[in-house]
Amino acid sequence: MIRRRTVFLLGAATLVATAAAVVAVIDRTAETRSEVEAERLFPDLQERAGEVQQVRIARAEGAETGTVTLLRTENGWILKERDQYPARTDLVRKLLFDLGQLELIERKTADPARLDRLDLADLGQKGSQASRIAVTTAGGDTLADLFIGKKRESLTGGKPMVYVRRGGENQSYLAEGELDLRGGPVEWLVQEVVNIPKETIVAAELTSAAGEVLRLERDGQDFRIAGLPEGRKIGSQYSVNNAATLIERLLFDDVRSAAGLDFDGGPGGAVYSTGDGLTVSLDLAAAPDGNGALPWIRVEVAIAGDAGEEARKRGEAARAQTEGWAYRLSSYNLERLQATMESLTKPAEGS
């Protein structure tokens, strides 16, 4: 039988060992954190943000998100990977600010063989999940060069954290701060093609690839099908209205220069008319790469001579935004654009 004194001694020894372990952990943590305490990765970035000419977020070949190269021009930021389409300035500014605020809090592995566990392997390594961000000036100065790996949420509800390592170094760190690299190139763009208020739209003519023309005309709050054949009726009023108002906040899934695409009307198209003097035409071009890829659309905006001031401003803005560009729509929006008499109607009862 174990004596009470023995139990007491064992308990005391356990407490001492536990306390020693806690002290060791605290000392180790303090030592680790003190080496990088309050150390910002790029302390001068905020002051020199006005000098930045390029922000490149590189990913491994074949990565789903793809590389993003943002370039500063006199007219704002553009995206190299989408034929220099205008990029969202607010996102670029936020990224540069957040990068300048990023702070190292803990030293991690420096073993190249273990970097992949933190998603910090070199981009040339097969299966690398890292992103490498490089910020440079017009004069060629590199203001930041950093591998970005896995994110880690704060268990105490504080700032988010992420694993990082400087370009050209194997030493990795846990850093504290917000850092949104988003996804692929398109996510750095304003994805709106046009936005014409649906209450101004009075008619839409949709032309199929077979040359069939479907005319939808406003009838109060809804649209009706002009020339509805006898023995047919509208299958869903929602679907008719939805097809007629496609150009209200129309978003794209992808964008490219319209140069080199053949908008000969083969795949069809559509023309939308507003009551305040705008005509918006959407022409389709087959994808040059084929293989079942969705077609591209071109937008052309005509402004009537008697259009009101508000409509004219809206039309000029839409024209400036879309001229020279081709857009790829989602399959859902493409279905709206390519609606036909057959798809919008059904046999009437008793016919």
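The text that follows walks through the structure, step by step, so that each part is easy to find.

Calculation notes
- Residues numbered from 1 in each chain as written.
- Predicted model: local features only at pLDDT ≥ 70, side-chain atom pairs only at ≥ 80, totals over all residues.
- Heavy atoms only, no water.
- Salt bridge = Lys/Arg side-chain N within 4 Å of Asp/Glu carboxyl O.
- Buried < 20%, exposed > 50% of the residue type's maximum accessible area, 1.4 Å probe, protein only.
- Phe/Tyr/Trp six-rings, centres within 6.5 Å; stacked < 30°, edge-to-face > 60°.
- Helix = DSSP H or I, 4+ residues; strand = E, 2+ residues; numbered from the N terminus.
- Lys NZ or Arg CZ within 6 Å of the ring centre and 35° of its normal.
- Core = buried A, V, L, I, M, F, W, Y, C linked by side-chain atoms within 4.5 Å.
- Contact = heavy atoms within 4.5 Å.
- Polar contact = N/O pair within 3.5 Å; in protein donor to acceptor, adjacent residues only side chain to side chain.
- Pairing = 2+ DSSP bridges.
- Axes fitted to C-alpha atoms, helices over the stretch in contact; angles between N-to-C directions.

Section: the pattern of salt bridges
- For the coordinates displayed, the defined rule picks out 22 salt bridges.
- In this structure, R48 engages E51 in a salt bridge whose closest nitrogen and oxygen atoms are separated by 2.9 Å.
- Owing to a relative accessible area of 40%, E51 belongs among the partly exposed residues under this scheme.
- Ionic pairing is found between R88 and D90, a salt bridge with its closest N-O pair at 2.8 Å.
- For R88, a relative accessible area of 26% puts it in the partly exposed group.
- Connected through salt bridges with shared partners, the residues E205, R215, E217 and R224 form a single ionic network.

Section: the packing of aromatic side chains
- As enumerated under the stated definition, the model contains four aromatic pairs in all.
- Between Y85 and F252 the ring centres are 5.8 Å apart and the planes differ by 85°, which places this aromatic pair in the edge-to-face class. With Y85 in strand β5 (residues 85-86) and F252 in the loop between β16 (250-251) and β17 (254-257), this residue pair connects regions lying 167 residues apart in the sequence.
- Given a relative accessible area of 1%, F252 falls into the buried group.
- Consider the rings of Y85 and Y327, whose centres lie 6.3 Å apart with planes at 90°: the pair is edge-to-face. One end of the pair, Y85, is in strand β5; the other, Y327, is in strand β21 (residues 325-328), and 242 residues separate them in sequence. As far as the burial class goes, Y85 and Y327 line up, both buried.
- Sitting over the face of the ring of F147, R165 holds its NZ or CZ atom 3.9 Å from the ring centroid.
- It is R256 that lies over the ring of W296; its NZ or CZ is 6.0 Å from the centre.

Quick word on the nonpolar core
- With 73 residues, the main nonpolar core has V55, L99, I133, V135, V164, L282 and L337 as its most contacted residues.
- No other element matches helix α2 (residues 89-101), which puts five residues into this core.
- Not counting residues up to four positions away in its chain, the partners in contact with V164 are L41, L102, L104, L120, L146, F147, I148, Q171, S172, Y173 and A175.
- Counting eleven residues, the second largest nonpolar core, distinct from the first, contains A58, L118, A130 and F147.

A word on the side chain of R165
- Take R165: it is sitting in strand β9 (residues 161-166).
- Looking at R165, the relative accessible area reads 2%, which means it is buried.
- A distance of 2.6 Å separates a polar atom in the side chain of R165 from the backbone oxygen of E169.
- Those residues in contact with R165, other than ones at most four positions away along the chain, are L115, L120, A121, D122, L146, F147, N170, Q171 and S172.

Remarks on the sheet that holds strand β14 (residues 222-225)
- Strand order in the open sheet formed by eight strands is β14-β13-β12-β18-β19-β20-β21-β17, and the pairing between neighbours is antiparallel. Of all the strands in the sheet, the pair left with one neighbour each is β14 and β17. Going from strand to strand, the sheet's axes swing by 25° on average, the running direction of each strand aside.
- Two strands pair when backbone bridges link them, and strand β12 (residues 201-207) and strand β18 (residues 269-274) are joined in this way by six bridges, in the antiparallel orientation. If you follow T207 over to β18, its bridge partner there is G269.
- Lying over the sheet, helix α3 (residues 237-244) contacts β12, β13 (213-219), β14 and β18, oriented at roughly 95° with respect to β14.

Points about the environment of L146
- Within the secondary structure layout, L146 lies in strand β8 (residues 142-152).
- With 15 residues separating them in the primary sequence, L146 and S131 have C-alpha atoms 8.3 Å apart.

Digging into unusual backbone geometry
- Backbone geometry places D83, a non-glycine residue, at a positive phi of 55°.
- Its location among the elements puts D83 in the loop between β4 (76-79) and β5.
- By relative accessible area, which is 42% here, D83 ends up partly exposed.
- If you check the backbone angles, D119 has positive phi at about 60° while not being a glycine.

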